[in-house]
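What follows is the residue order along each chain.
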Amino acid sequence: MIPKIKFGKVSNKKFFDKLNLCFEQRTPFVAYRKKNSIDLICHIDNNCISVKSLKGCKPGFFFMPFDRSNPGYKISLENSLATQLNTKKITHSNLNSIKNLKSSEKQKKKYLKSVTKIIEKIGKSNLSKVVYSDVFEFENVEKNSINHFKKLLNSHFDALCYLFYHPNEGCWLGASPETLINLNNFNLKTVALAGTKKKEANKWTRKEIEEQKIVEKYIVNKLKPICQKVNTTKKETIKAGGVEHLKSTIEGVSKHPVSDIIKTIHPTPAVAGFPLKKALSVIKDLEKHKRFFYTGYFGIISEGWCETYVNLRCVNIIKDKALVYVGGGITYDSTPVSEWNEIILKSETILKIFAD
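Residue positions are given per chain, counted from 1 along the sequence in the order it is written. Side-chain atom pairs in this predicted model are given and counted only at pLDDT of 80 or more, local residue features only at pLDDT of at least 70, and totals for whole chains, interfaces and linings cover all residues. To get the side-chain values, all heavy atoms of the structure are used, and hydrogens and water are removed first.

## Observations concerning the packing of aromatic side chains
Thought 1: Only centres within 6.5 Å qualify two rings of Phe, Tyr or Trp (six-membered ring in Trp) as a pair; their planes then separate them into stacked at under 30 degrees, edge-to-face at over 60, and tilted for everything else. One pass over the full model with this rule turns up 22 aromatic pairs.
Thought 2: Aromatic rings pair up to connect Tyr32, Phe61, Phe63, Tyr73, Tyr162, Phe164, Trp172, Phe293, Tyr294, Phe298, Tyr309 and Tyr325 into one cluster.
Thought 3: We count a charge as sitting over a ring when the NZ of a lysine or the CZ of an arginine lies within 6 Å of the ring centre and within 35 degrees of the ring normal. The positively charged end of Lys150 is found above the aromatic ring belonging to Phe16, 4.7 Å away from the centroid.

Right, dumping it as structure tokens:
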């Protein structure tokens, strides 16, 4: 059932003052605004607990990692604030003012080399897709991320924008365009979202169409044993920041626990690849960084009800260092340079909040 949350309704100023106070007092919290909404919500929990599994947990906001063997966090819903956001849409067309980006030709060459290896592996096996990621590093950024969060809110109305803070993890911020699972009265909804192109590009290529098809087929096959009446909509193009994606919506009816449903489909080929075990093996071998909460999931979960999102387009700020995570799906039709250009394009979602 939908958890009953009592919100303390406050002004914008009091809302952000509270976030600053939590940061100063090292109190865990999460603040977020859903896509195309003006409602800004915050849950605060001084006793935020570490969790490895959703099973048996009381209702809360869960912030969970990519690797299911690692723990995530549960924030209680008892201390919650809400405000109606006064927004003013801003754009940053010039990113040249961003300073202290620690990327180089060396990083690009390593990325191209890894993508080439993945394409070769796909050509020699039944591997269809691997989602390969990289990290761009900034130094000397403001460690209190409230101002970064405000910029994110004003820049991305077409995504769920969030700020998660825990003293052990620093700040995580993101703008996610992708639902993981919504469940209400046994009615389940998820999406198969994959493929990326610039808004200016007229047509989807075979590579992007095939990439999205892999994700859709995988999710449908995984849901059929635990769902009734699984239906899929036609593909559509959605906008997310400066790029577009292919998306289809998948619906069904399931009486299984939320924990079982999420365990069944996470991680999907949209964030890992296919076949899953082989793709995860390649990721472990070639990615030299840990993903932590990048490509994990977050949202409110209770027994028989949930609203969860995939953690994409995100950055982790620890002290004065920012780590921007970004990735893309590699298939046999990929070209290494195009994949590099794609992750640069995707990274601009987050890079904008560091622009002067």
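## A few points about helix H7 (residues 336–351)
Thought 1: The end-to-end C-alpha distance of H7 is 22 Å, a good match for the 22 Å that 16 residues give at a rise of 1.5 Å each.
Thought 2: The buried label goes to any residue with under 20% of its type's maximum accessible area, the exposed label to any with over 50%, and the partly exposed label to all in between, with areas taken from a 1.4 Å probe on protein chains only. Helix and strand definitions here come from DSSP, where helices need a minimum of 4 consecutive H or I residues and strands a minimum of 2 consecutive E residues; each element is numbered from the N-terminal end. Of all the positions in H7, only Glu339, Trp340, Glu342, Ile343, Leu345, Lys346, Ser347, Thr349, Ile350 and Leu351 are classed as buried. Expected helix span is taken as 1.5 Å per residue step, with the number of steps being one fewer than the number of residues.

## Focus: unusual backbone geometry
Thought 1: Cis geometry marks the peptide bond from His266 to Pro267; its omega dihedral reads 0 degrees.
Thought 2: Mapped onto the elements, Pro267 comes out in the loop between helix H5 (258–265) and strand E16 (273–274).
Thought 3: Backbone geometry places Phe186, a non-glycine residue, at a positive phi of 75 degrees.
Thought 4: On the secondary structure map, Phe186 appears in the loop between strand E11 (179–184) and strand E12 (187–198).

## Let's talk about the environment of Lys143
Thought 1: Following the sequence through the fold, Lys143 ends up in the loop between strand E8 (129–139) and helix H3 (146–155).
Thought 2: Residue contacts follow a heavy-atom distance rule, with two residues in contact if any of their heavy atoms lie within 4.5 Å. Once residues within four sequence positions are removed from consideration, Lys143 is found in contact with Phe23, Cys171, Ile317, Lys319 and Asp320.

## Topic: the side chain of His148
Thought 1: Summarising the element assignment, His148 is placed in helix H3.
Thought 2: With near-sequence residues (within four places) excluded, His148 lies in contact with Glu142, Leu173, Ile317, Ile353 and Phe354.

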